[in-house]
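The residues making up each chain are set out below.
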2 protein chains.
Amino acid sequence: MPAPPTATANTRDRLVATTAALFLHQGFTATGVGAITAGSGVPTGSLYHHFPGGKDELAAEALRVAGAGYGLLVGAVIDEAPDLATGIRESFPAAAAMLEASGYADACPIATVALEVASTNEPLRRVTHEVFESWATALSSRLEGAGLAVDRSRELALTYLAALEGGFLLCRAARSPEAMLAVGALVADAVDAALAEVR
Amino acid sequence: MPAPPTATANTRDRLVATTAALFLHQGFTATGVGAITAGSGVPTGSLYHHFPGGKDELAAEALRVAGAGYGLLVGAVIDEAPDLATGIRESFPAAAAMLEASGYADACPIATVALEVASTNEPLRRVTHEVFESWATALSSRLEGAGLAVDRSRELALTYLAALEGGFLLCRAARSPEAMLAVGALVADAVDAALAEVR
DNA sequence: ATCGCTCTAGAGGGATCGTTCTAGTAGCCT
DNA sequence: AGGCTACTAGAACGATCCCTCTAGAGCGAT
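Residues numbered from 1 in each chain as written. Chains lettered and ligands numbered in written order. Predicted model: local features only at pLDDT ≥ 70, side-chain atom pairs only at ≥ 80, totals over all residues. Heavy atoms only, no water.

Remarks on the overall build of chain A
Of regular secondary structure, chain A possesses nine helices and zero strands. Secondary structure elements of chain A occur, N-terminal to C-terminal, as α-α-α-α-α-α-α-α-α. Looking at chain A as shown, the accessible area adds up to about 8,200 Å², and 59% of this sits on carbon and sulfur atoms. For chain A, the separation between the mean place of its 13 positive charges and that of its 22 negative charges on side chains is 5 Å. (Helix = DSSP H or I, 4+ residues; strand = E, 2+ residues; numbered from the N terminus. Areas by Shrake-Rupley, 256 points an atom, 1.4 Å probe, with all protein chains shown as cover. Lys, Arg positive; Asp, Glu negative; His and termini not counted. Charge placed at Lys NZ, Arg CZ, Asp CG, Glu CD.)

If you want it as structure tokens, here you go:
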């Protein structure tokens, strides 16, 4: 195997990035292969060279990459606060602000696709689950690090994710940050209370 | 205008019901007009007679009808409990049980479409928002009836909906009721606490 | 009985879907 | 230099997309 020229990695990465961006705005089914190739400036043949499994394989990779990136973003927002409870509390208005700034377009890169494929495409459904699970374990381990029991940490982590995702859904439909702020305040209060007990 | 024969109403209703059922499982874009006509046994011409606006107009009607029906279903589950706090608490395991019983296919009839159209189809986005808003006001008025202030009632209603929707998303991806039960317990605790203050 | 309106019926069109296929280019190896 | 491999390039295919169109069935009114 010869050393891969940089153009190769760039082509692959551009395909993945373009696919993830299109999924974010319009979901899986509405994103055509033609739109991906046009948006990334990559010819059809290159796409099927890098992803012999076609649209599904590219989608899986885009979900994994976008999921990892978004997990890092949320983790960074939480970690830059002085303590975990504050970070969790501030992450909801931060998410609402980013959503609003993008015209209520840029929310969770996985959610739309996850609902579309949940009952129609088992391999992709599995990928969306793996992404959510990675987020849950990342947050859960932070809560454990703050002193919470394992079970309680996982419950709160799942609650946090459900609140964030539900908030995104309602806010995008309403084009208003209200729901995210409401649900965020309640989850943050619960996290505060849980962490106060073990302090 | 002559009295419309029953076949007419049946045709229209069958189209709407079939469309809503297909949206529930696979969303808006993946649901073709051909699948709707085949599933309802209605010819193409009849669809465009009843819905001159085509797929979008039929989708709007299906979302409104399914949204009203689902709102009544959730309201009934909540109201059959001895009191509001209990009804809200029990609605989460009930939702989780219904989801599990359907093989994690039958969840919110609006959510998938709402995310698909949020940034791509303004008329339909508006319809999804109206449905969510009708659910929020229905629950909010129940909370007001139990003695909560108007603002607090709306906050809790939006929180409830966000929790339910986020729970549906995570549970469908995971094919597990865990997230719905976790987020439901936390929201139910918060509702308990809020209602205990005013009792 | 004939007209007029609503609705059914499905063939067909133009566009786009995801994929396959053949050709050609670029760079490393011997 | 010649050959091999990785990759680019885009034309073309069959299937499916949403929609339009023509034809006729059913029924009440005059």
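Still to come is the rest of the account.
Thoughts on the relation of the copies chain B and chain A
Structural alignment of chain B on chain A gives an RMSD of 0.0 Å, achieved by rotating through 180° and translating 0.0 Å along the axis. As the rotation angle and translation indicate, the two copies are arranged about a two-fold axis. Relative to the rotation axis, the closest C-alpha in chain B is found at B:G166, a distance of 2.0 Å. Mapped onto chain A, 100% of the interface residues of chain B are again interface residues, and the two copies thus contact each other with one and the same surface. (Least-squares fit on C-alpha atoms with pLDDT ≥ 70 in both. Contact = heavy atoms within 4.5 Å.)

Comments concerning the packing of aromatic side chains
Taken as a whole, this structure holds eight aromatic pairs over all chains when the rule is applied. Consider the rings of A:F132 and A:W135, whose centres lie 5.7 Å apart with planes at 75°: the pair is edge-to-face. In this pair, A:F132 and A:W135 are both assigned in helix α7 (residues 122-145), three residues apart and thus about one turn of the helix distant. Among the residues examined, A:F132 registers a relative accessible area of 4% and is labelled buried. Lying across the ring of B:F28, B:K55 places its NZ or CZ 4.2 Å from the centre. (Phe/Tyr/Trp six-rings, centres within 6.5 Å; stacked < 30°, edge-to-face > 60°. Buried < 20%, exposed > 50% of the residue type's maximum accessible area, 1.4 Å probe, protein only. Lys NZ or Arg CZ within 6 Å of the ring centre and 35° of its normal.)

Structural notes on the confidence of the model for chain A
Looking at chain A as a whole, its pLDDT mean stands at 96, while 96% of the residues score no less than 70. Across residues 1-5 of chain A the pLDDT falls below 50, and counting only partners more than four positions away or on other chains, this stretch makes zero contacts in the model. (pLDDT = per-residue confidence, 0-100.)

Observations regarding the nonpolar core
Core analysis: the largest hydrophobic core is formed by 112 residues, its most contacted members being A:Y160 and B:Y160. Residues within four places of A:Y160 in sequence aside, it is in contact with A:V74, A:I78, A:I88, A:S91, A:F92, A:L139 and A:V187. (Core = buried A, V, L, I, M, F, W, Y, C linked by side-chain atoms within 4.5 Å.)

Remarks on the pattern of salt bridges
Two side chains bearing opposite charge may form a pair once their charged atoms approach each other closely. Residues and elements named next belong to chain B. Under the definition given, this model contains 20 salt bridges over all chains. Between E61 and R12 there is a salt bridge whose closest N-O contact spans 3.0 Å. Of this pair, E61 sits in helix α4 (residues 54-79) while R12 sits in helix α1 (residues 6-26), and the two are 49 residues apart along the sequence. Exposure remark for E61: the relative accessible area of 22% places this residue in the partly exposed category. The exposure class assigned to R12 is partly exposed, which follows from its relative accessible area of 27%. Close ionic contact of R152 with E155 constitutes a salt bridge, the shortest N to O distance being 3.0 Å. Linking R152 with E155, this pair stays in helix α8 (residues 150-174), spanning three residues, or about one helical turn. (Salt bridge = Lys/Arg side-chain N within 4 Å of Asp/Glu carboxyl O.)

Side note on helix α9 (residues 178-198) of chain B
The end-to-end C-alpha distance of α9(B) is 31 Å, a good match for the 30 Å that 21 residues give at a rise of 1.5 Å each. Regarding α9(B), the residues found buried are B:A179, B:M180, B:A182, B:V183, B:G184, B:L186, B:V187, B:A188, B:A190, B:V191, B:A194 and B:L195. Lining the buried residues of α9(B) we find α8 (150-174) and α9 (178-198) of chain A together with α5 (84-101), α7 (122-145) and α8 of chain B. (Expected span 1.5 Å × (residues − 1).)

Things to note about the interface of chain B and chain A
Contacts between the two partners involve 41 residues from chain B and, on the opposite side, 41 residues from chain A. Carbon and sulfur atoms supply 72% of the area buried between chain B and chain A, which totals about 3,600 Å² over both sides. The largest per-residue losses of area from chain B upon contact with chain A belong to B:L115, B:L169 and B:L186, which jointly make up 19% of the total buried on that side. In this assembly, chain B and chain A are joined by two salt bridges. A salt bridge links B:R154 to A:E178; its shortest N-O distance comes to 2.6 Å. Counting the contacts that link chain B with chain A gives eight residue pairs in polar contact (both at pLDDT 80 or more). Those elements that provide at least two residues to the side of chain B that touches chain A are α1, α6 (111-117), α7, α8 and α9 of chain B. Element by element, the count of residues in the side of chain B that touches chain A is highest for α8(B), at 16 residues. Of the residues in the side of chain B that touches chain A, the class split is 22 nonpolar, eleven polar and eight charged. (Buried area = accessible area lost by both parts, 1.4 Å probe. Polar contact = N/O pair within 3.5 Å; in protein donor to acceptor, adjacent residues only side chain to side chain. Nonpolar A, V, L, I, M, F, W, Y, C, P; charged D, E, K, R; others polar.)

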